[in-house]
Amino acid sequence: MGALAAVTAAALAAAVLPATAAVAADGKFASAWGKGGPHFEMPAVKVGANRPVKSKPSKTPSDAAYLPWLRQQRAHAKASASAA
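None of these values were measured; they are calculated from a predicted model. (Residues numbered from 1 in each chain as written. Predicted model: local features only at pLDDT ≥ 70, side-chain atom pairs only at ≥ 80, totals over all residues. Heavy atoms only, no water.)

Take the overall build of the chain next. In terms of regular secondary structure, the chain is built from three helices and zero strands. Listing every helix and strand of the chain by position from the N terminus yields α-α-α. Within the chain, buried positions represent 2% of all 84 residues. Split by element, the accessible area of the chain, about 8,100 Å² in all, is 66% carbon and sulfur. (Helix = DSSP H or I, 4+ residues; strand = E, 2+ residues; numbered from the N terminus. Buried < 20%, exposed > 50% of the residue type's maximum accessible area, 1.4 Å probe, protein only. Areas by Shrake-Rupley, 256 points an atom, 1.4 Å probe, with all protein chains shown as cover.)

Right, let's get into a nonpolar patch on the surface. Together, Tyr66, Leu67 and Trp69 make up an exposed nonpolar region whose accessible area comes to about 270 Å². Residue placement: leucine 67 occurs in helix H3 (residues 63–83). (Patch = residues over 30% accessible without salt bridge, like charges linked within 9 Å, V, L, I, M, F, W, Y side chains within 5 Å. Salt bridge = Lys/Arg side-chain N within 4 Å of Asp/Glu carboxyl O.)

So, on to H3. With 21 residues, H3 extends 30 Å from end C-alpha to end C-alpha; this agrees with the ideal 30 Å at 1.5 Å per step. In terms of residue burial, H3 counts as a barely covered element, since only one of its 21 residues are buried. (Expected span 1.5 Å × (residues − 1).)

In this structure the tally under the stated criterion is one aromatic pair. For the ring pair tyrosine 66 and tryptophan 69, a centre distance of 5.8 Å and an interplane angle of 35 degrees mean the geometry is tilted. Residue tyrosine 66 and its partner tryptophan 69 are located together in helix H3, separated by three residues, close to a single helical turn. With relative accessibility at 32%, the residue tyrosine 66 sits in the partly exposed group. (Phe/Tyr/Trp six-rings, centres within 6.5 Å; stacked < 30°, edge-to-face > 60°.)

Looking at the chain, the pLDDT average stands at 76 and 65% of residues meet or exceed 70. Considering each helix and strand of the chain separately, the mean pLDDT is smallest for helix H2 (residues 56–59), with a value of 66, and largest for H3, with 90. (pLDDT = per-residue confidence, 0-100.)

As structure tokens, then:
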């Protein structure tokens, strides 16, 4: 077990090394791309709720489409509950 712990510790230490390489000599963080790296801008985001609008069929389904689906969902839920 001691060997496994040593290997795990070495792997974790090796995983941290790239993160420490991104710090410049003066202690400030540097870009992983280097000094002449690309400067990416954050895209504009709409302020407020960013949720899709509900489709019309989900708001007002017709009984011909909704009732058979609802029966199938209830039968599936009942079968799943009895199997568990």
